[in-house]
Amino acid sequence: MKNEVAVVIVGAGPAGLATSAYLNLLSISNIILERENCCASLWRHRAYDRLNLHLAKEFCHLPHMPHPPTAPTFIPIKDFIQYLEDYVSHFDVKPKYCRMVESAAFHGKAKRWCVMATNSESGVAKEYSCRFLVVATGENSKEFIPDVPGLESFNGEVLHSSKYKSGSKYSGEAVLVVGCGNSGMEIAYDLASYGTKSSIVVRSLFHVLTKEIVQLGMTLLKSSPCNMVDDLVLSLGKLHFGDMTKYGIVRPSKGPFYLKEITGRSPVIDVGTLKKIKSGDIQVLPELKRVDGNEAIFANGNSHRFDAIVFATGYRSTARKWLKEDDYLLNQDGMPKHDFPNHWKGKNGLYCAGLSRRGLAGLSMDAQNVHVVTKEIVQLGMTLLKSSPCNMVDDLVLSLSKLQFGDMTKYGIVRLSDGPFYLKETNGRSPVIDVDTLKKIKSGYIQVLLELIRFDGNEAIFTNGNSHRFNTIVFATGYRSTTKKWV
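Predicted model only: the values in this text are computed from it and were never measured.

Caption draft 1: The packing of helix H5 (residues 211-220) against helix H6 (residues 226-241), seen in detail. As a packed pair, H5 and H6 sit with axes 10 Å apart at the nearest point and diverge in direction by 170 degrees. The angle between the axes of H5 and H6 places the two elements in the roughly antiparallel class. H5 and H6 meet at a crossing whose hand is right-handed. Listed contacts from H6 to Ile 213, Leu 216, Gly 217 and Leu 220 of H5 are Val 229, Leu 232, Val 233, Leu 236 and Gly 237. Its residues placed into classes, the contact of H5 with H6 shows seven nonpolar, two polar and no charged.

Caption draft 2: Spatial organisation of the environment of Gly 242. For Gly 242, the location among the structural elements is in the loop between H6 and helix H7 (256-263). The residues contacting Gly 242, other than those within four sequence positions of it, are Gly 237 and Arg 251.

Caption draft 3: Region of interest: the sheet that holds strand E13 (residues 288-292). The sheet built from three strands is open, its strands ordered E13-E14-E15 with antiparallel pairing. Unpaired on one side and paired on the other, E13 and strand E15 (303-305) mark the two borders of the sheet. This sheet shows a mean twist of 25 degrees between the axes of neighbouring strands, independent of strand direction.

Caption draft 4: Structural context of unusual backbone geometry. A positive phi is found at Lys 111, a non-glycine position, where the angle reads about 55 degrees. One non-glycine residue, Asn 348, lies in positive phi territory at about 60 degrees. Positionally, Asn 348 belongs in the loop between helix H9 (319-322) and strand E18 (350-352). On the basis of relative accessible area, Asn 348 is assigned to the partly exposed category, the value being 41%.

Caption draft 5: Region of interest: the pattern of salt bridges. Counting across every chain of the model gives 12 salt bridges. Arg 305 is the partner of Glu 295 in a salt bridge, and the nearest nitrogen-oxygen pair spans 3.9 Å. Of this pair, Glu 295 sits in strand E14 (residues 295-298) while Arg 305 sits in strand E15, placing them 10 residues apart in sequence. Residue Arg 305 is classed as exposed on the basis of its relative accessible area, which comes to 58%. Connected through shared salt-bridge partners, Arg 46, Glu 143 and Lys 163 make up one network.

The rules behind these values
The residue numbering used here restarts from 1 in each chain and proceeds along that chain's sequence as written. Under the rules for a predicted model, residues below a pLDDT of 70 receive no local features and side-chain atom pairs below 80 are neither given nor counted, while totals for whole chains, interfaces and linings still include all residues. Water and hydrogen atoms play no part in the side-chain values, which are based on all heavy atoms of the structure. Comment: axis = line fitted to C-alpha atoms, over the contacting stretch for helices; angle = value between 0 and 180 degrees taken between N-to-C directions. The way it works is that DSSP assigns letters per residue, a run of H or I at least four long becomes a helix, a run of E at least two long becomes a strand, and they are numbered from the N terminus. Between 65 and 115 degrees an angle is taken as roughly perpendicular, under 35 as roughly parallel, over 145 as roughly antiparallel, and anywhere else as oblique. Helix crossings are classified by the rotation of the near helix relative to the far one: an anticlockwise turn of less than a right angle makes the crossing left-handed, while a clockwise turn makes it right-handed. Contact definition: two residues touch when any of their heavy atoms are within 4.5 Å. Ten residue types, Ala, Val, Leu, Ile, Met, Phe, Trp, Tyr, Cys and Pro, are classed as nonpolar, four, Asp, Glu, Lys and Arg, as charged, and the remainder, Gly among them, as polar. For two strands to pair, DSSP has to find at least two bridges joining them. Burial status follows relative accessibility: with a 1.4 Å probe on protein chains alone, a residue under 20% of its type maximum counts as buried, one over 50% as exposed, and anything between as partly exposed. A pair is scored as a salt bridge if a Lys or Arg side-chain nitrogen falls within 4 Å of a carboxyl oxygen belonging to Asp or Glu.

This is the structure:
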């Protein structure tokens, strides 16, 4: 049986949940198809025990639902999972779980996407027909372990970081961590904290900062140039950690936020790993070349014996396995072909959310981009006013406006009771098209005043009795026709 819906979203991670929430607010029908038996499975089932969010809470919330003021600055994983549960409930998001998408293809004649999904519990396949398709399967769909010659001969435990929970089971053993991103560095620290002989492979240049320095940098980026922020956080990082080159950790020549912008790679946020490296509790090793039994051989020719190997080597997107007939949006690795901020929009109603390599902040922007596209759809409907009732179009655009700008009454801007297109039709007055003025009003850069009554020198007096002094006055009060003067 075919299910028809406006939008199909593949993936119930934070990106899929945020996109569905936006569409629900607009009363646009949508379905989330999720292969796992729960939402946000990465956070629930593939995270180690000591994990907390590395970024401050103001950068780790989904649209329309910030963390409460009472929440800690850096959210524990269990609290973030509860936050996602509350988000799903609040916005009435209802994913269909255990739905493995087998294929999604665009039918040009019908101008609709056909999505085939199998219920992994019942084995029943079902077809979903939609006008718009959102790929929200995330950057972390499938674990990636590189091909290491001789790895099959290793007699100890080999696991991906997604299966790692705690260093307690490895106490007294020698464990190698391959991968020096945030997960690899924190797992190496966790292992050392439990008395494990912890080693980590470092084969690339990377920045290391504290979470407080990153929070400061991200806050400053809202109003300061990236190069200036990079200079500041690098100075703070060097002051805090000193020169780590002699320990095998070398900083790139470009700054951390510049690299995040260009490559999507985040700086490592230290949780105490560098202190343990300095003390010798964690050994830094060069690139792993091959394995011979329980012996690991490295790029410098040295070898070390290990009881277990943890690969913190990331994930791969699986979208290209089921997404058919798309040569524009995603590359062969399942990641956007186009650079941010033009990465999210494909052709024929195809979009992606959560693939910008910008974490939770990036996926929130992607969800809003899908919302903007929905406005474009509405605008297209507005061109069909000849066949659509004006009141219906007005209801839609007013809903979009309220969602976009929120309640502006407290800033002195009050909406009229009649809709914008009704007013345009009856009295010729157009709605104001915002060019970020409202954002500057909210931030206090623009002051909203009441009706101007009179002047007293350079003092302007307004209807509420308040007065303000001005150097210049610009009258944007329109024009008048002069035809009657000569007709």
